[in-house]
Amino acid sequence: MARIPAAAIESAFSSDPGARFLARQVLTQARHPSGLPSYSLVDDLLDSPPLVVKPDTPIAAVAERMTVRGLDYAAVGIAPARYGLITDSILRRRILVDRLPLDTPAARVMHSPANTARLGDSAAEALIRLLDQDTEFLLVTDRAGELHGAISPRDLVVSPTTAGVALHEQIRRCDTIDDLVERTRTVPATLVNILDGGLSSTRVIALYGAMLDTIIRRAIQLVFHQ
């Protein structure tokens, strides 16, 4: 805990970004009247409307719109409730390395179908999905498939429910059986921490299932590589 003089932060919170931050804090608390911590759901992490382009949009136009919006991704509307994904890294690779013409349609370079999360999903589940699928972004939709935005691993840094989920990535990258055993022994304590952080028992059980899948998968990989 730190005591900060009001004068030192007044200008920050009176700025446009500061005002948006405070508004999000109030909105988040309204969404969680039961006391669930802020930023526990993917809904809390969406801070800008999505950028959606058509499949035939030239990649030069896609890059320009991403720059104007200050976004590192664009969703490609393939069909109702179906999306592809273009990221800044995809554009750089396809334009600078593969030297594709700038009028190449978005559909030719997009990742499809895009990895997604739903409104109401926990931030911890979203982080597991990002790590499991080794993807830069998750597009966030509602149950009807309407796109509401996107989240990346850096958006999840502010969520208290993801504090211990880095263990999942450590398990996935274990180099030896002994290392895997050591990491696996810390799973129960990690789950307790996440539960104490406000995540429901149902969602903690879902996370536990995802971790078990990763442990078993990595154990099989290590055994067959010996």
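Heads up: the structure comes first, above all this text.
Residues numbered from 1 in each chain as written. Predicted model: local features only at pLDDT ≥ 70, side-chain atom pairs only at ≥ 80, totals over all residues. Heavy atoms only, no water.

Enquirer: Tell me what's going on with unusual backbone geometry, and back it up with residues and numbers.
Expert: At the junction of Ser-112 and Pro-113, the peptide bond is cis and its omega measures out at -5° in the coordinates. One non-glycine residue, Ala-81, lies in positive phi territory at about 65°. Looking at the element boundaries, Ala-81 is found in the loop between strand 2 (73–79) and strand 3 (82–87). Ala-81 gets classed as partly exposed once you look at its relative accessible area, which sits at 45%. Even without being a glycine, Arg-99 presents a positive backbone phi close to 55°. Note on placement: Arg-99 falls in the loop between helix 4 (88–97) and helix 5 (106–109). (Helix = DSSP H or I, 4+ residues; strand = E, 2+ residues; numbered from the N terminus. Buried < 20%, exposed > 50% of the residue type's maximum accessible area, 1.4 Å probe, protein only.)

Enquirer: How would you sum up the pairing of strand 5 (residues 138–141)? Please name residues and give values.
Expert: Every second residue of strand 5 is oriented toward a common face, with Leu-138 and Val-140 on one face and Leu-139 and Thr-141 on the other, all of them buried. Handedness of the crossover joining strand 4 (residues 116–118) and strand 5 through helix 6 (residues 123–133) is recorded here as right-handed. With four bridges joining them, strand 5 and strand 6 (residues 147–151) adopt antiparallel strand pairing. Within strand 6, the position partnered with Thr-141 by the bridge is Leu-147. Counted along the chain from strand 5 to the antiparallel partner strand 6, the turn is five residues long, and its residue Gly-145 has a positive phi close to 95°. (Right-handed = clockwise from strand over helix to strand, strands pointing away. Pairing = 2+ DSSP bridges.)

Enquirer: Tell me about the sheet that holds strand 2, residues and numbers included.
Expert: In spatial order, the strands read 1-2-3; together these three strands make up an open sheet with mixed pairing. Of all the strands in the sheet, the pair left with one neighbour each is strand 1 (52–53) and strand 3. With six bridges joining them, strand 2 and strand 3 adopt antiparallel strand pairing. The residue of strand 3 that forms the bridge with Gly-77 is Tyr-83. Its contacts with the sheet place helix 3 (residues 59–69) against strand 1, strand 2 and strand 3, and it is angled at close to 130° to strand 2. (Contact = heavy atoms within 4.5 Å. Axes fitted to C-alpha atoms, helices over the stretch in contact; angles between N-to-C directions.)

Enquirer: Requested: an account of a nonpolar patch on the surface, with residues and values cited.
Expert: Taken together, the side chains of Tyr-208, Leu-212, Ile-216, Ile-220, Val-223 and Phe-224 make up a nonpolar region of the molecular surface, amounting to roughly 600 Å² of accessible area. For Phe-224, the position within the fold is in helix 10 (residues 201–225). (Patch = residues over 30% accessible without salt bridge, like charges linked within 9 Å, V, L, I, M, F, W, Y side chains within 5 Å. Areas by Shrake-Rupley, 256 points an atom, 1.4 Å probe, with all protein chains shown as cover. Salt bridge = Lys/Arg side-chain N within 4 Å of Asp/Glu carboxyl O.)

Enquirer: Tell me what's going on with the packing of helix 9 (residues 187–196) against helix 10, and back it up with residues and numbers.
Expert: It is the contact of helix 9 with helix 10, at a shortest axis distance of 10 Å, that shows an interaxial angle of 155°. Taken together, the axis directions place helix 9 and helix 10 in an arrangement best described as roughly antiparallel. Handedness of the helix 9/helix 10 crossing: right-handed. Judged by residue contacts, Val-187, Thr-190, Leu-191, Ile-194 and Leu-195 of helix 9 engage Ser-201, Val-204, Leu-207, Tyr-208, Met-211 and Ile-215 from helix 10. Looking at the contact of helix 9 with helix 10 residue by residue, the classes come out as nine nonpolar, two polar and no charged. (Parallel < 35°, antiparallel > 145°, perpendicular 65-115°, else oblique. Left-handed = near helix turned anticlockwise from the far one by under 90°. Nonpolar A, V, L, I, M, F, W, Y, C, P; charged D, E, K, R; others polar.)

Enquirer: Can you break down the packing of helix 6 against helix 10 residue by residue, with the values?
Expert: Axis separation between helix 6 and helix 10 bottoms out at 10 Å; the angle between their running directions is 20°. When the axis of helix 6 is compared with that of helix 10, the two are roughly parallel. Crossing geometry of helix 6 relative to helix 10 is assigned as left-handed. Within the contact between the two elements, helix 6 uses Ala-124, Glu-125, Ile-128 and Asp-132 and helix 10 uses Arg-203, Ala-206, Leu-207, Ala-210, Thr-214 and Arg-217. For the contact of helix 6 with helix 10, the residue count by class is five nonpolar, one polar and four charged.

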